[in-house]
Amino acid sequence: MNILVANTPQDAEQIAYTLIKERLAGKREFVLGLATGSTPVGMYKMFKQDRLDCSHVTSVNLDEYIGLAPDHPQSYHHFMEEKLFDDVPFKESHVPRGDAPDPEQETARYEALVRSIGVDLQLLGIGENGHIAFNEPGTALDAKTHVTELTESTREANRRFFDSIDEVPTQAITMGLDTIMNAREIVLVATGTRKAEAVHHMIESVPTIEWPATILQAHPSVTVVLDKEAASRCAEALQARGNEAAARFFSIRA
Ligand SMILES: N[C@@H]1[C@@H](O)[C@H](O)[C@@H](COP(=O)(O)O)O[C@@H]1O
């Protein structure tokens, strides 16, 4: 794992965006895995401000709530259109269908799609309980795209996007941990003290299904971009090394 610890959330987002921009440059085709939630919103603004050319890029999203049609204001389909796709045209974009009549069939379709196109770079966030995408604690490490029951802590963490907790879906379709690990490269961004415990376990605990993000330790190409708050539960030495790495990242691009 390559770990960078930026001084602010904005600097962390800038690092992650710059990494993605550099990977897209000069490519004829590229498959970019995208994430939802608050963390990537700042990066998606940078795509727009930079008018980044994504006309050669195919995107695949990690997950979608079951029961929400693409035009539902709280669906991840809608989130991506509003935060990115309405302003930055992609060659094509894929998000699981939360309104599929047969969710299990939709998981098989989506898994086959993601495997067939192959993800060059997967952007990830992390949940407070260490979930990635919607792979909740206890998810098998070899899970493919599947229907998942959302934990109460995950529903609670996402209720801010809904009028009430009762409106937060209880199930989702999510890329599995094995699906995510199949990406050639992974960039995970975490900011704020709410993520500090999950980040500590992701980096410093023995891989365990209780902290799904720990599986990333076994991936050959993972960059973890943190702000100081999200890194605050990690060992002091790791924080110091990460801060130097972030400073170096900016200095060589100045
Ligand atoms: N399915 C999403 C995850 O992909 C995201 O990483 C997580 C954290 O979101 P936030 O960035 O808002 O903290 O929320 C949801 O669970």
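Everything numeric in this text was worked out from a predicted model, so none of it was measured.

S.K.: Before we go on, may I ask you to explain the overall build of the protein in this structure?
M.R.: Counting its secondary structure elements, the protein contains eight helices and 10 strands. Against the 2.2 N^0.38 benchmark of 18 Å for 254 residues, the protein shows a C-alpha radius of gyration of 17 Å, consistent with a compact globule. Projected onto its principal axes, the C-alpha coordinates of the protein cover approximately 50 × 40 × 35 Å. Sorting the 254 residues of the protein into buried and exposed places 56% on the buried side. Look at the contacts in the protein between residues 6 or more apart in sequence, and 80% of them connect residues 24 or more apart.

S.K.: For this particular structure, what's the right way to read the site of the ligand?
M.R.: Around the ligand, the surrounding shell holds 15 residues, and the nearest of these are Ser38, Thr39, His131, Arg160 and Lys195. His131 places a side-chain nitrogen or oxygen 2.6 Å from an oxygen atom of the ligand. At 2.6 Å, a side-chain N or O of Lys195 approaches an oxygen atom of the ligand. The protein chains hide 97% of the 390 Å² of surface that the ligand would expose on its own. Here the ligand is seated within the largest pocket.

Rules used in this analysis
Residues numbered from 1 in each chain as written. Predicted model: local features only at pLDDT ≥ 70, side-chain atom pairs only at ≥ 80, totals over all residues. Heavy atoms only, no water. Helix = DSSP H or I, 4+ residues; strand = E, 2+ residues; numbered from the N terminus. Rg over C-alpha atoms; globule rule 2.2 N^0.38 Å. Buried < 20%, exposed > 50% of the residue type's maximum accessible area, 1.4 Å probe, protein only. Contact = heavy atoms within 4.5 Å. Near = heavy atom within 4 Å. Polar contact = N/O pair within 3.5 Å; in protein donor to acceptor, adjacent residues only side chain to side chain. Areas by Shrake-Rupley, 256 points an atom, 1.4 Å probe, with all protein chains shown as cover. 1 Å grid on protein atoms, 1.4 Å probe; cavity = no way out; pocket = protein on both sides within 12 Å on 5 of 7 lines; lining within 4 Å. Sits in = over half its atoms within 2 Å of the grid points.

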